[in-house]
Amino acid sequence: RAMVMADEFAIESSADVQTLKKLLDATEERVRRLQDLLDCVPGSVWEVWFDPSQQHRSFVSEHIVELSGYSVDDWRQPNFWRECVHPEDGSRMMEEVDAIMARGRGSVEYRIVRKNGTPLWVLNTMSVIRSATGDVVGLRGVVVDVDVHKQAQAKLDEVGHREKRLVARFESFIANIPGVVWEIWFERDPSEQRVDFISDRIEQLTGYSKEEWFEKN
């Protein structure tokens, strides 16, 4: 009798072990799939919990190393991210994060200072984590490198400013010419032409306004 019970216990134990092994295998597979998905994200996925007792739940993906030069362990230190925000952007960034927490989600652009001392523009898109009672208990999101985009935008802005200065200088130059400056473009048919530019002095010279000259064309 005792032997029969022992055999039954052994069979049940074996079945439990097999079930547990299947659950572990399935869990490991899900973890691998999630890691593969994280590796495909062109940025660092992160999650931070405000309650010190929940800090073990905070997370940051490996891409943060490539982004900042600092290790994942560095970023897991409380408030470490504040130390990495560029001094000139810190106040504005915190104001925008406060606004995002009030709305529930949003994005903020700012510079971080990488471990090698160089600044890097990033876009941090985040949403709040709420408790069962609706209180904000943390944040989660993804931070991506937008430095190339910001540099390109800065160059475009510079070109735009230079263009405005050149246009202002050109208009001043044209205004001081004692005559009419004009430009005409011919279409395929030589009998058709298009007045593309004419200076303001045309009205003083002919009595017709610039608009009337364009209409006549």
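Here, every reference points to the structure presented above.
The model shown is predicted, which means the values in this text are computed figures rather than measured ones.

There is a patch of nonpolar side chains on the surface, built from Trp182, Ile184 and Phe186 and spanning about 360 Å² of accessible area. A relative accessible area of 30% means that Ile184 is categorised as partly exposed.

According to the stated counting rule, one finds eight salt bridges in the structure shown. In this structure, Arg76 and Asp73 form a salt bridge, with 3.8 Å as the shortest nitrogen-oxygen distance. The salt bridge partner of Lys150 is Glu109, with a shortest N-O separation of 3.2 Å. Of the two residues, Lys150 sits in helix α6 (residues 147-175) while Glu109 sits in strand β3 (residues 105-113), which places them 41 residues apart along the sequence. Linked by salt bridges that have partners in common, Glu88, Asp89, Arg92, Glu96 and Arg111 make up one network.

Its 14 residues place the ends of helix α5 (residues 90-103) 20 Å apart at the C-alpha level, agreeing with the 20 Å of an ideal helix rising 1.5 Å per residue. Within the span of α5, buried status applies to Gly90, Met93, Val97 and Ile100. Burial along α5 is one-sided: seen end-on, the buried residues are contained in an arc of 85°. Relative to its buried face, α5 has exposed residues pointing more than 90 degrees away, namely Ser91, Glu95, Ala102 and Arg103. Where α5 is buried, its residues touch α4 (80-84), β3, β4 (119-130) and β5 (136-145). Note on α5: the residue one or two positions beyond its end, Gly104, has a positive phi of about 110°.

Further remarks concern the environment of His63. You can see His63 is positioned in helix α2 (residues 63-68). Placed 81 residues apart in sequence, His63 and Val144 show a C-alpha to C-alpha distance of 9.3 Å.

Throughout the structure, instances matching the rule amount to two aromatic pairs. Centroid distance Tyr70 to Phe80: 5.0 Å. Interplanar angle 80°. Geometry classified as edge-to-face. Of this pair, Tyr70 sits in the loop between α2 and α3 (72-75) while Phe80 sits in helix α4, placing them ten residues apart in sequence. Of the two residues, Tyr70 and Phe80, neither departs from the other in class, the shared state being buried. Since its relative accessible area comes to 12%, Phe80 is described here as buried. Through a chain of ring-to-ring contacts, the aromatic side chains of Tyr70, Trp75 and Phe80 assemble into a single cluster. Taking the ring centre of Trp121 as reference, the NZ or CZ of Lys150 above it sits at 4.4 Å.

Calculation notes
- Residues numbered from 1 in each chain as written.
- Predicted model: local features only at pLDDT ≥ 70, side-chain atom pairs only at ≥ 80, totals over all residues.
- Heavy atoms only, no water.
- Patch = residues over 30% accessible without salt bridge, like charges linked within 9 Å, V, L, I, M, F, W, Y side chains within 5 Å.
- Areas by Shrake-Rupley, 256 points an atom, 1.4 Å probe, with all protein chains shown as cover.
- Salt bridge = Lys/Arg side-chain N within 4 Å of Asp/Glu carboxyl O.
- Buried < 20%, exposed > 50% of the residue type's maximum accessible area, 1.4 Å probe, protein only.
- Helix = DSSP H or I, 4+ residues; strand = E, 2+ residues; numbered from the N terminus.
- Expected span 1.5 Å × (residues − 1).
- Arc of directions from axis to C-beta.
- Contact = heavy atoms within 4.5 Å.
- Phe/Tyr/Trp six-rings, centres within 6.5 Å; stacked < 30°, edge-to-face > 60°.
- Lys NZ or Arg CZ within 6 Å of the ring centre and 35° of its normal.

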